[in-house]
Amino acid sequence: MKVLVVGSGGREHALCWAIAGSPMLTKLYCAPGNPGIAAVAACVDIGATDIASLVGFAQDNLIDLVLPGPEAPLVAGITDAMEAAGIACCGPTKAAARLEGSKTFTKELCDAASIPTALWERFEDAEAAREFVRRRGAPVVVKADGLAAGKGVVVAQTEAEALSAIDAMMDRRVFGEAGAAVVLEECLTGEEVSLFALCDGEDALILGSAQDHKRVGDGDKGPNTGGMGAYSPVPSFPAVLEQACLEQIIRPALKEMVRLGCPFRGILFAGLMLTAEGAKLIEFNVRFGDPECQALLCRMKSDLLPALLAACDGELRNFDLRWHNESAVAVVMAARGYPDAPERGSVIGGLDEAAAVPGVTVFHAGTAAGPDGSVRAAGGRVLTVCGVAPDLRQARDRAYAGVDAIRWPEGFCRRDIGGKAL
Ligand code: AMP
Ligand code: GLY
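Residues numbered from 1 in each chain as written. Chains lettered and ligands numbered in written order. Predicted model: local features only at pLDDT ≥ 70, side-chain atom pairs only at ≥ 80, totals over all residues. Heavy atoms only, no water.

1. Focus: the overall build of the protein chain
- Looking only at helices and strands, the protein chain has 13 helices and 23 strands in total.
- Computed over its C-alpha atoms, the radius of gyration of the protein chain comes to 21 Å, within 12% of the 22 Å expected for a compact globule of 422 residues.
- Dimensions of the protein chain, computed from C-alpha atoms along their principal axes, come out at roughly 60 × 45 × 40 Å.
- Looking at the 422 residues of the protein chain, the share that counts as buried comes to 57%.
- Within the protein chain, contacts between residues separated by at least 24 positions form 67% of all contacts whose residues are at least 6 apart in sequence. (Helix = DSSP H or I, 4+ residues; strand = E, 2+ residues; numbered from the N terminus. Rg over C-alpha atoms; globule rule 2.2 N^0.38 Å. Buried < 20%, exposed > 50% of the residue type's maximum accessible area, 1.4 Å probe, protein only. Contact = heavy atoms within 4.5 Å.)

2. Considering the environment of valine 403
- With respect to the secondary-structure elements, valine 403 resides in helix α13 (residues 392-405).
- For the pair valine 403 and alanine 20, spaced 383 residues apart in sequence, the C-alpha separation works out to 24 Å.
- When residues no more than four places from it in sequence are discounted, the contact partners of valine 403 are Val331, Met333, Val385, Cys413 and Arg415.

3. A few points about the packing of helix α7 (residues 126-136) against helix α8 (residues 159-171)
- In contact at an axis separation of 10 Å, α7 and α8 are set at 170° when each is read in the N-to-C sense. By the angle between their directions, the pair α7 and α8 is classed as roughly antiparallel. In this structure, α7 uses Ala126, Ala129, Arg130, Val133 and Arg134 to contact α8, whose residues at the interface are Glu159, Ala162, Leu163, Ile166, Asp167, Met170 and Asp171.
- Among the residues making up the contact of α7 with α8, the classes are represented as seven nonpolar, no polar and five charged. (Axes fitted to C-alpha atoms, helices over the stretch in contact; angles between N-to-C directions. Parallel < 35°, antiparallel > 145°, perpendicular 65-115°, else oblique. Nonpolar A, V, L, I, M, F, W, Y, C, P; charged D, E, K, R; others polar.)

4. Side note on the sheet that holds strand β21 (residues 375-377)
- Spatially, the three strands line up as an open sheet ordered β18-β21-β20, and their pairing is antiparallel. With partners counted over all chains shown, the strands left at the sheet margins are β18 (347-348) and β20 (367-369), one partner each.
- Summarising the sheet, β18 and β21 pair through two bridges and their orientation is antiparallel. When the bridges of β21 are listed, isoleucine 348 appears paired with valine 375. (Pairing = 2+ DSSP bridges.)

5. Remarks on the site of ligand 2
- In the vicinity of ligand 2, the residues found are Asp212, Gly226, Phe269, Arg287, Gly289, Asp290, Pro291 and Glu292.
- Between ligand 2 and aspartate 212 there is a distance of 2.8 Å, counted from a nitrogen atom to a side-chain nitrogen or oxygen.
- Measuring from a nitrogen atom of ligand 2, one finds a backbone N or O atom of aspartate 290 at 2.9 Å.
- For ligand 2, whose accessible area on its own is 200 Å², the fraction buried by protein is 88%.
- Here the residues of the shell around ligand 2 are counted per class, giving two nonpolar, two polar and four charged. (Near = heavy atom within 4 Å. Polar contact = N/O pair within 3.5 Å; in protein donor to acceptor, adjacent residues only side chain to side chain. Areas by Shrake-Rupley, 256 points an atom, 1.4 Å probe, with all protein chains shown as cover.)

6. Overview of the site of ligand 1
- Around ligand 1, 15 residues are found, and the nearest of them are Glu185, Glu186, Leu188, Glu192 and Glu283.
- Here a nitrogen atom of ligand 1 and a backbone polar atom of glutamate 186 are 2.9 Å apart.
- The separation between an oxygen atom of ligand 1 and a polar side-chain atom of glutamate 192 is 2.4 Å.
- The protein chains hide 89% of the 470 Å² of surface that ligand 1 would expose on its own.
- A breakdown of the residues in the shell around ligand 1 according to their chemical character gives eight nonpolar, no polar and seven charged.

7. Focus on the side chain of serine 302
- One can find serine 302 in the loop between α10 (292-298) and α11 (304-313).
- At 2.5 Å, the side chain of serine 302 forms a polar contact with the backbone nitrogen of arginine 322.
- When residues no more than four places from it in sequence are discounted, the contact partners of serine 302 are Asp320, Leu321 and Arg322.

8. Quick look at the pairing of strand β10 (residues 191-200)
- By the criterion of burial, β10 is predominantly enclosed, with eight of the ten residues buried.
- The pairing of β10 with strand β15 (residues 265-275) spans ten bridges and is classified as antiparallel. Bridge pairing in β15 links cysteine 199 to glycine 266.
- In terms of strand pairing, β10 meets strand β11 (residues 204-212) through six bridges, oriented antiparallel. By the bridge assignment, leucine 195 is partnered in β11 with serine 209.

Here it is, written out as structure tokens:
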């Protein structure tokens, strides 16, 4: 099989790394990829959202399966475009990707399918939104309705904070049209867990749980990021709870998507809050998380490729995946200045030494090859260093042994990934 992975982050490196070992594979491409991905796949210089060029490449190269990593190409309709060209694509159609692309769509689906979630109301009028905040008070969560690169959510602890978020999103349109409407939500409290499932439209196969660390600094301080580290599985999220979420959240969502005429195929990422009243859905994403994907795939024993194919073909019902009975910790190394203004161009050494640490795998994200053959920082999140071991503590120690082998003074990471669970 010829496979094309779309994207260029640590998640896509992990996907390529997992697929590269499949006996079913004859050729692996990644668009646009990165220098780490280039070690396991042929990188193609096409942007992840240049859908017309990606379809052209897939046709010219007789690609059998396309796997988009990030949400942007999915929300833009890459699956529809590939399928129209007769090429299998393991991801939701544009209509099904509304589960991530529109908060309102997901909230209406939750209500229709009785999926436990925070109480909510949608506003297209800023004054009505402000009035709601004044009446209901804080804490309250303010969300831009559309995609805002993970930044369109404000958990407001005070009324003033909520009002200023409404100003920024609706009046000043800091997220553009994503802020044409806002969703105001009840503030949930508890522990946050991410649950991943591979879906074929009707059926879902649990891939496992992970916990992300969204803030840039130790102790959850500082601004939000795309994710500074993750561990998997999550000890406070036992298998019985995982099953309950499958039955009460994921399956009802799939059923409702079928009823709406847009069955969901691909990776479904349920962001959950474990509240005193049970698990509630915060949001769906329509793809793997980054860096959660790196942690999950390090634990996977089965071949990923046939599972992806079964999802495309609607044949997950009798499918089974096997996992190593181990923990994984993924530590993100970012360039100084991330998330606001990451410095570019610094040279990263020690990558081979890090990869030689037992149980450690290093995935590239924002890296570029320097003219001298060096690896250089070329983005915000630059590397993910993963450690795998029989328990979480050892997995963490291994991941940080990998981090410490890397010579990159201009980079930084959080030192407390997995700490909460220990
Ligand atoms: P989202 O982009 O929807 O994942 O939201 C980003 C983050 O905001 C989540 O990971 C939560 O930490 C937080 N959040 C979102 N919705 C709520 C809510 N209703 N109550 C409490 N926290 C929330
Ligand atoms: N790490 C969170 C995400 O990928 O959305």
